[in-house]
Structure formats: C-alpha cells, structure tokens
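Next come the chains, spelled out residue by residue.
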Amino acid sequence: MSETVRPLPNIRDIFSLLPHRYPFLMVDRVIEFQPGVLLRAIKNVTINEPFFQGHFPGLPVMPGVLILEAMAQTGGLFIGQSQDEPLGDRVFLFSGMDNVRFRKPVVPGDQLVLTCTEARRKFNLWKMRATAEVDGRKVAEADLSAAVVERSAL
C-alpha cells in the first residue's frame, strides 16, 4: 500500500472498482481517502429506494443487511484504491462479518457516513473495520472480510 496522496475516487472510479449498479450500488460518493488508512463515503437514503415499499409499509426502515452491504462496498473501494496495482479483471467478494452491531434505525432522509479502516491483507483475503454513522451517531459497525478473486473463477 502506498502512502502517496491520491485524488478522491469519483463516480467513474466507483463504477470501475465495484461491479454493483442501480439499485444495488450503495455508495454515492467518497468524501475522504487516505491509502491504507481509511476511506469514508456517503450513501444518501431516500424514500425512492425500492426496498422501502416492503420494509416496512408505513414505517420505512433501511434493512440492516443493506447497511452492512453499504459498509462492505465501502471496504471494496478502500482496498481497491489502496492497492498499488489495479484490480484488472479481479473483483472483491464479501466473505465474512464479525462483531456486527446495529445501534439505531436508518430512515429516509438520513445520510449514511460509511468508514472503513484497519485493512489487513493475507494472500488474497482482506479484513477491515467498518462503521456507519448518521448525524455523527454510530448506527452500525462490523469487522468485515473480503476475498479478491478473478472474475473468470465465478
């Protein structure tokens, strides 16, 4: 991992690093990045999200699994941007979660601030710490694992 200053990833970079697209792309913008140290991104939660139709009618709450997915995608961006070599034809696959805690519901109008830190690599496996906050209050946290694999292996 390089300590050089790099520009913040823009939406084109996000598209090149993550295979996700609407409606499953859970990162709108990167707001802070320090290679190998942290990546902070945002997800604007709007009533237009397709999952709010059924979760829950009359009481829209973002599903915890999607908050976790947003943290995992942030981790994919963090690792992808921190590596010295480009991903090429490789992709990150979320492989595990530990110490997951949900602390407060996320509702339409909230802005999730997603942070990944403490990336550690062993072979093609990565581990990192992820948090999600709304208005400075932690709403979720987890230790995440991901594997970097060739697309052709899927």
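It should be noted that the structure appears before, not after, this text.
All values derive from a computational prediction rather than experimental measurement.

**Quick word on the pattern of salt bridges**
Pairing between side chains of opposite charge can happen when their charged atoms approach one another.
Then, number 1: Considering all chains together, one arrives at 7 salt bridges under this definition.
Then, number 2: A salt bridge links arginine 129 to glutamate 141; the nearest nitrogen and oxygen atoms lie 2.4 Å apart. Placement of arginine 129 in strand β5 (residues 125–134) and of glutamate 141 in strand β6 (residues 137–150) is noted, with a sequence separation of 12 residues between them.
Then, number 3: Exposure remark for arginine 129: the relative accessible area of 18% places this residue in the buried category.
Then, number 4: Looking at glutamate 141, the relative accessible area reads 9%, which means it is buried.
Then, number 5: The partner of arginine 129 in a salt bridge is aspartate 143, and the shortest N-O contact between them spans 2.9 Å. Separated by 14 residues along the polypeptide, arginine 129 in strand β5 and aspartate 143 in strand β6 bring together distant segments of the chain.

**Focus: the pairing of strand β1 (residues 29–34)**
Moving residue by residue along a regular strand, the side chains alternate between the two faces of the sheet.
Then, number 1: Across 5 bridges, the pairing between β1 and strand β2 (residues 38–44) is antiparallel. Bridge pairing in β2 links phenylalanine 33 to leucine 39.
Then, number 2: Hairpin connection between β1 and β2: a loop of 3 residues separates the two successive antiparallel strands, and glycine 36 in this loop has a positive phi of roughly 75°.

**Quick word on helix α2 (residues 64–82)**
Then, number 1: Taking 1.5 Å per residue as the helical rise, α2 with its 19 residues ought to reach 27 Å, and the 27 Å between its terminal C-alpha atoms agrees with that figure.
Then, number 2: The buried fraction of α2 amounts to 17 of the 19 residues, a majority that puts the element mostly inside the structure.

**Quick look at the sheet that holds strand β4 (residues 111–122)**
Two modes of strand pairing occur in sheets, parallel and antiparallel, and in both the strands are linked by backbone hydrogen bonds.
Then, number 1: Spatial ordering of the open sheet is given by β1-β2-β4-β5-β6-β3, a layout of 6 strands whose pairing is antiparallel. With partners counted over all chains shown, the strands left at the sheet margins are β1 and β3 (90–102), one partner each. With strand direction ignored, the average angle separating the axes of adjacent strands in the sheet is 25°.
Then, number 2: Direction of pairing for β3 relative to β6: antiparallel, over a ladder of 10 bridges. Considered in β6, the bridge of arginine 90 is made with glutamate 150.
Then, number 3: Most of the contacts of α2 go to β4, to which it runs at about 50°, and overall it touches β1, β2, β3, β4, β5 and β6.

**A look at the environment of proline 50**
Then, number 1: Looking at the element boundaries, proline 50 is found in the loop between β2 and α2.
Then, number 2: Counting along the chain gives 28 residues from proline 50 to phenylalanine 78, while the straight-line C-alpha distance between them is 26 Å.
Then, number 3: Discounting chain neighbours no more than four positions away, the residues touching proline 50 are Tyr22 and Pro23.

**Examining the side chain of threonine 115**
Then, number 1: Relative to the assigned elements, threonine 115 resides in strand β4.
Then, number 2: Polar contacts involving the side chain of threonine 115 include one to the side chain of arginine 40, which spans 2.9 Å.
Then, number 3: Among residues more than four places away in sequence, those in contact with threonine 115 are Leu39, Arg40, Arg129, Ala130 and Thr131.

**Side note on the nonpolar core**
Then, number 1: The biggest cluster of nonpolar side chains holds 41 residues, and the ones touching the most others in it are Met62, Met71, Leu77, Val106, Leu112, Ala132 and Leu144.
Then, number 2: Secondary-structure elements contributing two or more residues to this core are α1 (11–17), β1, β2, α2, β4, β5 and β6.
Then, number 3: Broken down by element, the residue count for this core peaks at 9 residues, all from α2.
Then, number 4: Not counting chain neighbours up to four residues away, the residues in contact with valine 106 comprise Val45, Pro60, Val61, Met62, Ile67, Leu112, Val134 and Val139.

**With respect to unusual backbone geometry**
Then, number 1: Geometrically, the link from tyrosine 22 to proline 23 is a cis peptide bond, its omega value of 5° lying close to zero.
Then, number 2: Omega for the bond connecting histidine 55 with phenylalanine 56 falls within 30 degrees of zero, at -10°, which places this linkage in the cis form.
Then, number 3: Within the secondary structure layout, phenylalanine 56 lies in the loop between β2 and α2.
Then, number 4: The residue asparagine 99 is not glycine, and still its phi comes out positive at about 55°.
Then, number 5: Checked against the element boundaries, asparagine 99 lands in strand β3.
Then, number 6: The phi torsion at phenylalanine 123 lies on the positive side, around 60°, for a residue other than glycine.
Then, number 7: Its place among the elements puts phenylalanine 123 in the loop between β4 and β5.

Thresholds applied
Residues numbered from 1 in each chain as written. Predicted model: local features only at pLDDT ≥ 70, side-chain atom pairs only at ≥ 80, totals over all residues. Heavy atoms only, no water. Salt bridge = Lys/Arg side-chain N within 4 Å of Asp/Glu carboxyl O. Helix = DSSP H or I, 4+ residues; strand = E, 2+ residues; numbered from the N terminus. Buried < 20%, exposed > 50% of the residue type's maximum accessible area, 1.4 Å probe, protein only. Pairing = 2+ DSSP bridges. Expected span 1.5 Å × (residues − 1). Axes fitted to C-alpha atoms, helices over the stretch in contact; angles between N-to-C directions. Contact = heavy atoms within 4.5 Å. Polar contact = N/O pair within 3.5 Å; in protein donor to acceptor, adjacent residues only side chain to side chain. Core = buried A, V, L, I, M, F, W, Y, C linked by side-chain atoms within 4.5 Å.

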